[in-house]
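# Coordinate inspection notes
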Amino acid sequence: VTGVQTCALPIFCKLHGKKSPHLDHFGRTWRQYLMAHTIGSDDIIQRIVYLFSICPQLGVFAPVPFKGTNNSDWADNLSIAKTLVGAFDAEAAERLGKEPLSYPSATVFWFRPQSLSELYGRYPVETFPPEPLPVDGTSAHALERLIPVFAKRSGYEFGCYRHRRSYLEWSAEY
């Protein structure tokens with residue numbers, strides 16, 4: 001998320017290709033779900049922009065996790081996350097793992113730049129392993145789970161949204 005802090009736009013959409021060859025058909029369907037629910041239609045984009053305009057406390061907004069993904073626990077990332085946060089906030093690091101976890105699946109989300117301002121420049125590129133990333137247990141996987149923590153530290157909320165009809169259609173495949 002470089003360059004965001006110097007731009008005057010009120011919200012951004014963070015996307016990536018989510019190519020997970022180890023997940024085969026499931027991975028392709030997950031990627032399609034993320035794109036469809038993040039930027040898939042003018043209607044979806046307009047609704048998201050509208051919600052940001054009427055909810056000033058909303059900092060990060062993401063599609064609900066795709067059915068079958070592991071987006072409710074720390075997996076192999078808790079100790080890494082505690083190290084990343086503990087370097088500047090020991091109390092926050094201690095709280096990790098004690099509350100239900102919710103975060104933007106695959107690091108695809110909409111956000112206000114100021115809601116993640118604590119992230120900018122905090123972790124140099126050397127913090128992250130080279131591509132291709134392992135399936136789990138890296139600083140990148142831990143950091144995606146910390147996005148709501150950073151939003152909250154900046155005075156904002158994290159939320160998930162669901163386009164009901166579309167979600168049910170995508171979920172029917174699995």
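Residues numbered from 1 in each chain as written. Predicted model: local features only at pLDDT ≥ 70, side-chain atom pairs only at ≥ 80, totals over all residues. Heavy atoms only, no water.

Grouped together as the largest cluster of nonpolar side chains are 26 residues, with contacts concentrated most on V60, F109, F111, L116, L146 and F150. The leading source of residues in this core is helix α5 (residues 139-153), at 6 residues. The residues contacting L146, other than those within four sequence positions of it, are W74, A81, L84, V85 and L96. In terms of nonpolar packing, the next biggest core, distinct from the first, is built from 9 residues, I11, C55, W110 and Y161 among them. (Core = buried A, V, L, I, M, F, W, Y, C linked by side-chain atoms within 4.5 Å. Buried < 20%, exposed > 50% of the residue type's maximum accessible area, 1.4 Å probe, protein only. Helix = DSSP H or I, 4+ residues; strand = E, 2+ residues; numbered from the N terminus. Contact = heavy atoms within 4.5 Å.)

Glancing now at unusual backbone geometry. At the junction of E131 and P132, the peptide bond is cis and its omega measures out at -5° in the coordinates. If you trace the backbone, P132 turns up in the loop between β3 (109-111) and α5. Positive phi outside glycine occurs at T107, with the angle close to 55°. Summarising the element assignment, T107 is placed in the loop between α4 (90-95) and β3.

What follows concerns the side chain of H141. Checked against the element boundaries, H141 lands in helix α5. A distance of 2.6 Å separates polar atoms of two side chains, one belonging to H141 and the other to T138. For H141, the contacting residues outside a window of four places in its chain are N77, L133, P134, V135 and D136. (Polar contact = N/O pair within 3.5 Å; in protein donor to acceptor, adjacent residues only side chain to side chain.)

Before going further, it helps to examine the packing of helix α1 (residues 24-39) against helix α2 (residues 42-54). As a packed pair, α1 and α2 sit with axes 6 Å apart at the nearest point and diverge in direction by 60°. Considering the angle they form, α1 stands oblique to α2. In this structure, α1 contributes A36, H37, T38 and I39 to the contact, and α2 contributes I44, I45 and I48. Each residue belonging to the contact of α1 with α2 can be placed in one class, and the counts come to 5 nonpolar, 2 polar and no charged. (Axes fitted to C-alpha atoms, helices over the stretch in contact; angles between N-to-C directions. Parallel < 35°, antiparallel > 145°, perpendicular 65-115°, else oblique. Nonpolar A, V, L, I, M, F, W, Y, C, P; charged D, E, K, R; others polar.)

With 6 of 6 residues buried, strand β2 (residues 58-63) lies mostly within the body of the structure. In terms of strand pairing, β2 meets strand β4 (residues 157-161) through 5 bridges, oriented parallel. Across the sheet, the residue bridging to P63 is Y161, located in β4. Pairing between β2 and β3: 2 bridges, direction antiparallel. Among the inter-strand pairings, F61 is bridged to a residue of β3, identified as W110. (Pairing = 2+ DSSP bridges.)

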